[in-house]
Amino acid sequence: MRFLIILVALVGGFVLVAMLVAPSQPTLRDWYLVNACPQLDKLSTDICAPIRRAAEGRTT
């Protein structure tokens, strides 16, 4: 039971970082776009939407 709670907390933290922190950090944003978003999109496309909006607004 404790393992399940820890696993849910880790996944929740991973999703929160994707939605709140990653859009403002270019290196983290790029990592999420390449590695995490393909898997997170299977859960919901709304998770990576802020990252994609921030990447489109990039001026590089």
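Residues numbered from 1 in each chain as written. Predicted model: local features only at pLDDT ≥ 70, side-chain atom pairs only at ≥ 80, totals over all residues. Heavy atoms only, no water.

A.B. asks: I tried to follow the state of the cysteines on my own but got confused; where do I start?
C.D. replies: Every disulfide links exactly two cysteines, by a covalent bond between their sulfur atoms. Counted according to the given criterion, the structure contains one disulfide. The disulfide partner of cysteine 37 is cysteine 48, and the gap between their sulfur atoms is 2.2 Å. Across the S-S bond linking cysteine 37 and cysteine 48, the dihedral sits near -105 degrees, which makes this disulfide left-handed. Of this pair, cysteine 37 sits in helix α2 (residues 26–43) while cysteine 48 is found in the loop between α2 and α3 (49–56), placing the two residues 11 residues apart along the sequence. In this structure cysteine 48 comes out as buried when scored by relative accessible area, which is 0%. (Disulfide = S-S within 2.5 Å. Helix = DSSP H or I, 4+ residues; strand = E, 2+ residues; numbered from the N terminus. Buried < 20%, exposed > 50% of the residue type's maximum accessible area, 1.4 Å probe, protein only.)

A.B. asks: I keep staring at the pattern of salt bridges and nothing clicks. Help me out?
C.D. replies: Once the charged atoms of two side chains with opposite charge are near each other, the side chains can pair. Inspection of the entire model under this criterion finds one salt bridge. Residue arginine 52 is joined to aspartate 41 by a salt bridge in which the shortest nitrogen-to-oxygen separation is 2.5 Å. Residue arginine 52 is found in helix α3, and its partner aspartate 41 is found in helix α2; the two are separated by 11 residues along the sequence. We classify arginine 52 as partly exposed; its relative accessible area is 30%. (Salt bridge = Lys/Arg side-chain N within 4 Å of Asp/Glu carboxyl O.)

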